[in-house]
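# Fold and geometry: a report
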Amino acid sequence: MKAINIQRRRVMTSLALSALAAAPGASWAQAAAKALAPARGARIVVVGAGVGGATAAKYLKLFNKDLDVTLIDRNPHFIRHYGSSELITGAVTMEDLTVSYDALSDRYGVRVVQDTIVGLDADRRTVIGEKGRYAYDKLIVSPGIELLYEGIPGYSAELAATKIPSGWIAGPQTQLLADQLKAMPQGGTFCLVAPPNPYRCPPGPYERAALVTEWCAKHNPSAKIIVTDPKNSFVTDETMLLGWNRLYGFPIPADYKAKLDKYASPARPDCRLEWVQEKQGGRPLAIDASAMTVTTEAGVIKADVINVIPPMRAANIALAMGLANKTGFCPIDRRTFESTIIPDVYVLGDASIADAMPKSGFSANTQAKTTARAIVEELAGREIPEPVWSNTCYALAGEDYGLFVADVFRIMDGKIGRTNTRARYQYLKAQPAEQALAAQYLHSWMNTITADSFG
């Protein structure tokens, strides 16, 4: 009888959550908080207050306001990476990209602490910071990525901060790149060095190249934009290449012609954008800051502005905590994102090994919600539900030309895999009105995910 009652309660709870979530104006998080009763007073520490960490902290408090949630980051506010390439072309300001943590503390009761975390004492369940130590029952680590500047000979963190910016972690380097673009001489060359896989924001480098090309068409029409690449393809490549073609006269590469030619416009001889694939010698070999050159397998590119997006791995703190394996990223239990190396520690977002899920803000946001739910259920002694995740990566080929990739993920054969039954990408036959709508969706999504994660 007891087992039957427990099962009946689970079924009724599930039905109640479904009904409440479907009701007009209902909040799934509020419904879950009423239906679930996790252990009170458990101490949850969250390291890293980007999208993943902020979302996890907020949703833990939404699920149970009595949880003791501490969110720690070395920065006093978040500068959002998504949309930051628009800073380079002046479409947004640094103020537009800056997000406060005030709502997390004032509205949800998250304790927000500014400290630099330097290590972990897993035996004592204590996070070690420069300013203090933080005891936990459960620890969530969402540290983002580390840019491996030295991954390209001749490049360095010092060069990135002063002369050849990356700007892939939004902040001063992004502003420096914007200033350099505006100061580039008429007819100058802008060279973007694309990263190898895996990297954060799959369409991002190619969106950046597109936005710089659009800016130059207005302000520096004889400038040349070169993307040199250690890869032959990228996520959203077909739709992005079509955007480059229609907006800037970019010639469709030979290996894409069979699929794209019937949708493409004729290439223009005055096209100022060039993409050098790996098979054409696009792999970067060295940077010479004094000569302002990029040496590739195909030869030497002389440029006035060089933007290097270097190789990446999990942020240094993930390695210092012992959470990463030899890949440089952190292995996790796919159901919960709990580390497979250290128990009761969960790794979210770009630092985690999430199989088919891309390293994106959307992924980190949805991972944070399922992990928060898993922690709540485990603390309450209940079965952890089977997770489902989603992701949409939006990108711009131009100010009014948007595109996207959208996926749903489940665990399949022990790994996180896509379950899409329809096309992932914007239709190749999409019309200008649909592309303009996708650009509006992009900006709406940026506002929505910021509010969902931080507001």
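Because the structure is a prediction, the values reported are computed rather than measured.

## Considering the pattern of salt bridges
- If you walk through the whole model with that rule in mind, you get 22 salt bridges.
- The partner of Arg268 in a salt bridge is Asp270, with the nearest N and O atoms 3.2 Å apart.
- For Asp270, a relative accessible area of 46% corresponds to the partly exposed category.
- We note a salt bridge from Asp452 to Lys369, for which the minimum N-O separation is 2.8 Å. Pair noted here: Asp452 is in helix 14 (residues 432-454) and Lys369 is in helix 13 (residues 361-379), with a separation of 83 residues, a long-range link. Each member of the pair Asp452 and Lys369 is classed as buried.
- Among the charged side chains, a network of salt bridges with common partners joins Arg125, Lys138, Asp344 and Glu378.

## Remarks on the environment of Cys201
- Following the sequence through the fold, Cys201 ends up in the loop between strand 11 (189-193) and helix 9 (204-219).
- For the pair Cys201 and Ala291, spaced 90 residues apart in sequence, the C-alpha separation works out to 30 Å.
- Beyond its immediate sequence surroundings of up to four residues, Cys201 is in contact with Trp168 and Lys359.

## Examining the packing of aromatic side chains
- For the coordinates displayed, the defined rule picks out 15 aromatic pairs.
- Between Tyr149 and Tyr155, the ring centres sit 5.7 Å apart and the planes meet at 70 degrees, which makes this aromatic pair edge-to-face.
- Given a relative accessible area of 13%, Tyr149 falls into the buried group.
- Among the aromatic residues, ring-to-ring pairing joins Tyr206, Phe234, Trp244, Phe250, Tyr256 and Trp275 into one connected group.

## Overview of the packing of helix 3 (residues 51-63) against helix 14
- As a packed pair, helix 3 and helix 14 sit with axes 7 Å apart at the nearest point and diverge in direction by 50 degrees. What the angle tells us is that helix 3 and helix 14 run oblique. Residue-level contacts link Val51, Ala54, Thr55, Lys58 and Tyr59 of helix 3 to Ile449, Ala451, Asp452, Ser453 and Phe454 of helix 14.
- A per-class count over the contact of helix 3 with helix 14 returns six nonpolar, two polar and two charged.

## Regarding the confidence of the model for the protein chain
- Summing up the model confidence of the protein chain, the mean pLDDT is 92 and the portion of residues at 70 or higher is 91%.
- Residue range residues 1-26 is modelled with pLDDT below 50. Its contacts to residues more than four positions away, or to other chains, number 11 contacts.
- Across residues 33-38 the pLDDT falls below 50, and counting only partners more than four positions away or on other chains, this stretch makes 16 contacts in the model.

## Some points on helix 10 (residues 237-248)
- Taking 1.5 Å as the rise per residue, helix 10 with 12 residues should run 16 Å; its terminal C-alpha atoms sit 16 Å apart, in good agreement.
- Judged by how many residues are buried, helix 10 sits mostly within the fold: nine of 12 residues are covered.
- Among the residues of helix 10, Asp237, Thr239, Met240, Leu241, Leu242, Gly243, Trp244, Asn245 and Tyr248 are the ones counted as buried.
- A positive phi of about 75 degrees marks Gly249, the residue just after helix 10.

## Focus: the domain arrangement of the protein chain
- When the domains of the protein chain are assigned, the result is domain 1 (43-144 + 315-454) and domain 2 (156-311).
- Taking only C-alpha atoms, the centre of domain 1 and the centre of domain 2 are 28 Å apart.
- Counting residues at the interface gives 32 residues for domain 1, matched by 37 residues for domain 2.
- In this assembly, domain 1 packs against domain 2 so that about 2,800 Å² is buried in total across both faces, 69% of it on carbon and sulfur atoms.
- At the boundary of domain 1 and domain 2, one finds one salt bridge.
- The salt bridge involving Glu399 is made with Lys218; its shortest N-O contact spans 3.8 Å.

## Comments concerning the nonpolar core
- Grouped together as the largest cluster of nonpolar side chains are 68 residues, with contacts concentrated most on Leu60, Val127, Leu139, Ile140, Met321 and Phe454.
- Take this core: its biggest share by element is seven residues, from helix 3.
- Filtering out sequence-adjacent residues up to four positions away, Met321 remains in contact with Val47, Ile117, Gly119, Leu120, Val127, Val141 and Ile342.

## Section: the packing of helix 9 against helix 10
- In contact at an axis separation of 11 Å, helix 9 and helix 10 are set at 5 degrees when each is read in the N-to-C sense. Considering their axes alone, helix 9 and helix 10 lie roughly parallel with respect to each other. On helix 10, the residues that touch Tyr206, Glu207, Ala209, Ala210, Thr213 and Glu214 of helix 9 are Met240, Trp244 and Tyr248.
- Within the contact of helix 9 with helix 10, the residues separate by chemical class into six nonpolar, one polar and two charged.

## Some remarks on the sheet that holds strand 2 (residues 68-73)
- Overall, parallel pairing links the five strands, which are arranged 5-2-1-9-19 in an open sheet. Since the sheet does not close on itself, it has two edges, and those belong to strand 5 (111-114) and strand 19 (345-347), each with one partner. Strand-to-strand twist in this sheet, taken as the mean axis angle between neighbours without regard to direction, amounts to 20 degrees.
- Pairing of strand 1 (residues 43-47) with strand 2, which is carried by five bridges, proceeds in the parallel orientation. Pairing of Arg43 across the sheet is with Asp68, part of strand 2.
- Across the face of the sheet, helix 3 comes into contact with strand 1, strand 2 and strand 9 (138-141) while running at roughly 165 degrees to strand 2.
- Its contacts with the sheet put helix 13 on strand 1, strand 9 and strand 19, and the angle it makes with strand 9 is roughly 175 degrees.

## Re the sheet that holds strand 14 (residues 284-288)
- The three strands are arranged 14-15-16 in an open sheet whose pairing can be described as antiparallel. For this open sheet the edge positions go to strand 14 and strand 16 (299-302), each flanked by a neighbour on one side alone. Strand after strand, the sheet turns through a mean of 20 degrees between neighbouring axes, direction not considered.
- Note: strand 14 against strand 15 (residues 293-296), four bridges, orientation antiparallel. Bridging across to strand 15, Ile287 finds its partner in Val294.

Parameters at a glance
Residues numbered from 1 in each chain as written. Predicted model: local features only at pLDDT ≥ 70, side-chain atom pairs only at ≥ 80, totals over all residues. Heavy atoms only, no water. Salt bridge = Lys/Arg side-chain N within 4 Å of Asp/Glu carboxyl O. Buried < 20%, exposed > 50% of the residue type's maximum accessible area, 1.4 Å probe, protein only. Helix = DSSP H or I, 4+ residues; strand = E, 2+ residues; numbered from the N terminus. Contact = heavy atoms within 4.5 Å. Phe/Tyr/Trp six-rings, centres within 6.5 Å; stacked < 30°, edge-to-face > 60°. Axes fitted to C-alpha atoms, helices over the stretch in contact; angles between N-to-C directions. Parallel < 35°, antiparallel > 145°, perpendicular 65-115°, else oblique. Nonpolar A, V, L, I, M, F, W, Y, C, P; charged D, E, K, R; others polar. pLDDT = per-residue confidence, 0-100. Expected span 1.5 Å × (residues − 1). Domains from an automatic or database assignment. Buried area = accessible area lost by both parts, 1.4 Å probe. Core = buried A, V, L, I, M, F, W, Y, C linked by side-chain atoms within 4.5 Å. Pairing = 2+ DSSP bridges.

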